[in-house]
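Structural overview for review
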Amino acid sequence: MQRTRPPFRADMVGSLLRTERLKEARHRHHQGTLSDATLKEVEDEEIRTVIQRQEGVGLQAVTDGEFRRAYWHFDFLEHLDGVTSIEADSGMNFKGGIGITKALRITGKVGFSGHPMIEHFRFVKDNASRVAKMTIPGPSMLHYRGGRKMMNAGVYPDMDQFYADVGAAYNKAVHAFYDAGCRYLQLDDISFAYLCDPDQREMLRQRGDDPGKQPDIYAGMVREALKDKPDDLTITMHLCRGNFRSTFIASGGYEPVADTLFNAMPVDGYFMEWDTDRAGGFEPLRYLPKGKIVVLGLVTSKTGTLESKDDIKRRIDEATKYADLDQLCLSPQCGFASTEEGNILAEEEQWAKLRMIVEVAKEVWG
């Protein structure tokens, strides 16, 4: 029952805790005391090491840990045509009052005419002996945080045109990664999980969006992004409720979006957060159609406490009440460092969790 195509029985979302050497180099670069070339040398060396570490714990797909990024989403989105980074309230106000003061503004028509992350992916592929996985934010993330208020006046009088342009830009990006050799691409499209939170739905309503319509709108963007997707390209989608320095934003089970999530988009698999009761029960899995895979995020990336294998197996059994075991896999609920600051746990605790996931997957699926 092991899988030869991603997602794999033991898998991971993408980001990993930045090493101390990398943190120091990025800090010096930010201060202007380290050159671009020297920073790249450090990044290259640390990424080679972290790829070897992932392969060493038994993962069949590896990433660069997002070591070249400060944020899981901004670093990709700000390189799309028509998108500019600014200092502003991002709208990401995490529990405990922690906020992020970077945001994105739409200053022109959105498009795709190349991207530095294409080369980032090539580096992983060239240095991995396992499947090289690439992660990018999903198309809805360009709209969800700020909505129309983050668009320059007159750029998009018709929002339908904005949604169409974003979908088309992503379609070019998907094919560009494929042409670079990518066969495992993940869209981190967490808006679908946020739309399950009453407070987040009210936020959308207050700014003039209809939370009842947004899931279908966002699904349409994903469909456009994946139009003419090559058959040998696996697309997964990751959903969580916020992950910044071990804090979160949203709560609520997947029920409001489950049907749209599983049946309205040509996605092959889903990485879904289920490490706490904030994510609700497994009942939404009843909407999962044959042929699609859900990677159960049962292991938390927010703390270093190692879960019990028996507890994880018990929860997998609970999930099989609603989906076949053959349609399930196992991973952490999110990355370990959605931003370069990382969650509050030690590197060795991170690796212990990934090693345990590999062991449980072998014990459950053979």
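Let me begin by describing the structure that accompanies this report. (Residues numbered from 1 in each chain as written. Predicted model: local features only at pLDDT ≥ 70, side-chain atom pairs only at ≥ 80, totals over all residues. Heavy atoms only, no water.)

**Considerations on the environment of Ala319**
With respect to the element layout, Ala319 can be found in helix H11 (residues 309-319). Using a relative accessible area of 0% as the deciding quantity, one classes Ala319 as buried. Separated by 23 residues in sequence, Ala319 and Leu296 place their C-alpha atoms 8.6 Å apart. Leave out the neighbours within four places in its chain, and Ala319 touches Phe282, Leu285, Leu296 and Leu328. (Helix = DSSP H or I, 4+ residues; strand = E, 2+ residues; numbered from the N terminus. Buried < 20%, exposed > 50% of the residue type's maximum accessible area, 1.4 Å probe, protein only. Contact = heavy atoms within 4.5 Å.)

**Here we look at the nonpolar core**
Counting 108 residues, the largest nonpolar core has Leu142, Phe162, Phe177, Trp274, Leu285, Val294 and Leu296 as the members making the most contacts within it. Considering each element in turn, this core owes the most residues, eleven residues, to helix H6 (residues 159-179). Beyond its immediate stretch of four places on either side in the chain, Leu296 contacts Met272, Trp274, Phe282, Leu285, Ile316, Ala319, Leu328, Cys329, Leu330 and Ser331. Counting residues in each nonpolar core, the second largest holds eight residues, with Phe8, Val13, Phe271 and Cys329 among its members. (Core = buried A, V, L, I, M, F, W, Y, C linked by side-chain atoms within 4.5 Å.)

**Notes on the packing of H6 against helix H9 (residues 214-225)**
Running from N to C, H6 and H9 point in directions that differ by 35°, and their axes come no closer than 7 Å. As for how H6 packs across H9, the hand of that crossing is right-handed. Across the interface between the two elements, Tyr163, Ala164, Val166, Gly167, Ala168, Tyr170, Asn171 and Val174 of H6 pack against Gln214, Ile217, Met221, Glu224 and Ala225 of H9. Taken together, the residues that form the contact of H6 with H9 break down as nine nonpolar, three polar and one charged. (Axes fitted to C-alpha atoms, helices over the stretch in contact; angles between N-to-C directions. Left-handed = near helix turned anticlockwise from the far one by under 90°. Nonpolar A, V, L, I, M, F, W, Y, C, P; charged D, E, K, R; others polar.)

**Here's the deal with the pattern of salt bridges**
In this structure the tally under the stated criterion is 27 salt bridges. Two residues, Asp44 and Arg68, come together in a salt bridge whose shortest N-O distance is 2.8 Å. With a gap of 24 residues between them, Asp44 in helix H2 (residues 36-57) and Arg68 in the loop between strand E1 (61-62) and helix H3 (74-77) connect regions that are remote in the sequence. Like Asp44, the residue Arg68 is buried in the burial classification. For Asp232, the salt bridge identified is with Arg183, shortest N-O distance 3.2 Å. Residue Asp232 is found in the loop between H9 and strand E9 (234-239), and its partner Arg183 is found in the loop between H6 and strand E8 (184-188); the two are separated by 49 residues along the sequence. Asp232 gets classed as partly exposed once you look at its relative accessible area, which sits at 40%. (Salt bridge = Lys/Arg side-chain N within 4 Å of Asp/Glu carboxyl O.)

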